[in-house]
Amino acid sequence: MQPVSTCLDTVLAAASRVRRRTKRIAVFPPHAALNLVSAADVIASCPYPPFVSSIVDGYALGREEDAKSSCIGVSTTTPAIYAGASDGTDNSVSNNDDDLLSKRTGPLHAIYVTTGACVPNNYTCVVPIESCAVSNDELSISVDPHYKFPANRNVRPVGCDISVGAKVLRAGQVLNSSTLGILATAGVPEVAVYERPVVGVLSSGDEVADPSLAGSGTRLPHGVVFDANRPTLLASLLEFDATPVDLGIVKDDMNLLASALSSALERCDVVITTGGVSMGAKDHVPGALRSLGVDLKFDRMFMKPGKPTTFGVAADGKLVFALPGNPVSAKVVSELLVKPALRLMSGLGPSPLKVRARLSTSIRLDEVRPEYHRAVVTYDRGTGGYEAASTGVQRSSRLMSMVSPGGV
């Protein structure tokens, strides 16, 4: 039996050698790209904002000093500029006070602008509408003498949010709602991403039946139970952001297993089996894998639950996880070994989140093997730390122990 840490190192070494496929994917609509991982840096080719724009609804002035005038004329040639409408000039180059003031020949008329609207050339600041008094004929304004401009003068310069040449996405970064929004803002239509690993899940055993039979009114034969492993692991793969493939149930027959596994290895990057890996007369999975040329790297782990876990690498580098048949064992090992491998294959780091927690009550652990006890983890505001409480009976067949755990 090998320690879990050694087994994980073996799995990750094999996973790192799997060729990661990449593709280009549209940023919008976002559902296809969400949670994928960028395969390359993305550099902005245009600035944002691409024009000088107003942060507030108000009146644009030539300079701050103009606000001190008792009466400021309102432009009649350009009475207002609204968001989305051009002011007729190219202000895609940021205003420079020294250059502007050196070209000034007299005061500029105030121009009403809305939030997000273009600020015309030669205008350097905007007074919020709530700080302005507008004359009855709307031809002049006066500014509240107590008003003080903020440092940005209520104006966003060209490229103040995203400059040309800025790295808006780095390789290995997850495409979440924020990063997808940034890419849209920067005008990036598509990005290179790592494809999700395709992972097949196969249950083996004469004693398991497809859970879809539960709704048909079919009465299970004595000694047969519904297969919990495939639904559990297929759902877990969705949580892991992999592409799951349901490979069904295969009877405890060497030839049937070898045929099913051969087909699975053609379709999938990773194959997960459950059951058939212990020492019984009908535990044929390791033999079936060997018959296909799969190199079994280990076939026992020094842990509880999950001792019979077997891991192998096919001739083309594809990974095979042969997990125990008990549902808790399969689920725990999938978290400890499968998830880190898939994260690595997806372009992410393999490390799980680890926290130090205090046990709420004493628990009895296995005296020989390290035991991965399922626990509910909560944050204790009083102590400022985490607390772990057992989920109850820890039998490897009792999936109820996994219903609400925060960790193991």
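Calculation rules
- Residues numbered from 1 in each chain as written.
- Predicted model: local features only at pLDDT ≥ 70, side-chain atom pairs only at ≥ 80, totals over all residues.
- Heavy atoms only, no water.
- Helix = DSSP H or I, 4+ residues; strand = E, 2+ residues; numbered from the N terminus.
- Rg over C-alpha atoms; globule rule 2.2 N^0.38 Å.
- Buried < 20%, exposed > 50% of the residue type's maximum accessible area, 1.4 Å probe, protein only.
- Contact = heavy atoms within 4.5 Å.
- Areas by Shrake-Rupley, 256 points an atom, 1.4 Å probe, with all protein chains shown as cover.
- Core = buried A, V, L, I, M, F, W, Y, C linked by side-chain atoms within 4.5 Å.
- Polar contact = N/O pair within 3.5 Å; in protein donor to acceptor, adjacent residues only side chain to side chain.
- Phe/Tyr/Trp six-rings, centres within 6.5 Å; stacked < 30°, edge-to-face > 60°.
- Lys NZ or Arg CZ within 6 Å of the ring centre and 35° of its normal.
- 1 Å grid on protein atoms, 1.4 Å probe; cavity = no way out; pocket = protein on both sides within 12 Å on 5 of 7 lines; lining within 4 Å.
- Points joined across faces, edges and corners; volume = space filled by probe spheres on them.
- Nonpolar A, V, L, I, M, F, W, Y, C, P; charged D, E, K, R; others polar.
- Pairing = 2+ DSSP bridges.

Colleague: Explain the overall build of the chain here, please?
Modeller: Across its full length, the chain holds 7 helices and 25 strands. Computed over its C-alpha atoms, the radius of gyration of the chain comes to 32 Å, more than 25% above the 22 Å expected for a compact globule of 408 residues. Summarising its shape, the C-alpha atoms of the chain cover approximately 100 × 50 × 45 Å along the three principal directions. Counting all 408 residues of the chain, 41% fall into the buried class. Long-range contacts, defined here as pairs at least 24 residues apart, represent 74% of the contacts in the chain between residues at least 6 apart. Carbon and sulfur atoms make up 52% of the accessible area of the chain, which amounts to about 21100 Å² in all.

Colleague: Please explain the environment of Val158 as it appears in this structure.
Modeller: As for its placement among the helices and strands, Val158 is situated in the loop between strand E12 (155-156) and strand E13 (167-169). Measuring from C-alpha to C-alpha, the distance between Val158 and Leu202 comes to 56 Å, with 44 residues separating the pair along the chain.

Colleague: How should the nonpolar core be read in this particular structure?
Modeller: Inside soluble globular proteins, nonpolar side chains tend to come together where they are buried. Counting 34 residues, the largest nonpolar core has Leu237, Val270, Ile272, Phe311, Leu319, Phe321 and Leu342 as the members making the most contacts within it. Taken together, the elements giving at least two residues each to this core come down to helix H1 (4-16), strand E15 (198-204), helix H4 (229-239), strand E19 (270-274), strand E21 (310-313), strand E22 (319-323) and helix H7 (327-345). Among the elements that make up this core, the one with the highest residue count is H7 (10 residues). Here Phe321 is in contact with Val11, Val270, Val271, Ile272, Thr273, Thr310, Phe311, Leu337, Val338 and Ala341, once residues within four sequence places are set aside. Listed in part, the 21 residues of the second largest apolar core include Val198, Val245, Ala264 and Val294.

Colleague: Help me understand the environment of Arg24 in this model?
Modeller: Considering the arrangement of structural elements, one finds Arg24 in strand E1 (residues 22-26). Sequence separation between Arg24 and Val191 is 167 residues, and the spatial gap between their C-alpha atoms is 5.3 Å. The contact partners of Arg24, leaving out residues within four places of it in the chain, are Glu190, Val191 and Ala192. At 2.9 Å, the side chain of Arg24 and the side chain of Glu190 are in polar contact.

Colleague: Teacher, can you tell me more about the packing of aromatic side chains here?
Modeller: Here the distance between the centres and the angle between the planes together describe a pair of aromatic rings. Within the structure shown, the criterion is met by 6 aromatic pairs. Taking 6.3 Å as the distance between ring centres and 70° as the angle between the ring planes, the aromatic pair formed by Tyr82 and Tyr112 counts as edge-to-face. Of this pair, Tyr82 sits in the loop between strand E7 (80-81) and helix H2 (97-103) while Tyr112 is found in strand E8 (residues 111-113), placing the two residues 30 residues apart along the sequence. By relative accessible area, Tyr82 is classed as partly exposed at 47%. Judged by centre distance (5.2 Å) and plane angle (80°), the rings of Tyr147 and Phe149 are edge-to-face. Using a relative accessible area of 17% as the deciding quantity, one classes Phe149 as buried. Taken together, Tyr59, Tyr82 and Tyr112 form an aromatic cluster joined through their ring pairs. Here the guanidinium or amino end of Arg20 rests over the ring plane of Tyr194, the centre of that ring lying 4.5 Å away.

Colleague: In this structure, what is going on with empty space enclosed by the protein? I would like to understand it.
Modeller: By rolling a water-sized probe across the atoms, one finds the places where empty space is left. Under the counting rule described, the total for this entry stands at 2 cavities of 30 Å³ or more. By volume, the largest cavity is sized at about 80 Å³. If you go around the largest cavity, the residues you meet are Val18, Arg19, Arg20, Arg21, Tyr194, Glu195, Arg196, Pro197, Asp269 and Met345. The class makeup of the residues in the lining of the largest cavity is 4 nonpolar, no polar and 6 charged. Lining the second largest cavity are Asn35, Leu36, Val37, Tyr194, Glu195, Arg196, Phe240, Asp241, Ser346 and Leu348. Of the residues assigned to the lining of the second largest cavity, the class counts are 5 nonpolar, 2 polar and 3 charged.

Colleague: Explain the pairing of E19 to me, please; I cannot follow it from the model alone.
Modeller: In the case of a regular strand, side chains alternate between the two sheet surfaces. Within E19, 5 of the 5 residues are buried, which leaves it mostly tucked inside the rest of the structure. Two strands pair when backbone bridges link them, and E15 and E19 are joined in this way by 5 bridges, in the parallel orientation. Each bridged residue has a counterpart across the sheet, and for Ser203 the counterpart in E19 is Thr274.

Colleague: Explain the side chain of Thr124 to me, please; I cannot follow it from the model alone.
Modeller: Checked against the element boundaries, Thr124 lands in the loop between E8 and strand E9 (125-128). Take Thr124: its relative accessible area is 5%, and that puts it in the buried class. Within the structure, Thr124 has its side chain in polar contact with the backbone oxygen of Gly62 (distance 2.7 Å).

Any link to function would need more than the numbers given here.
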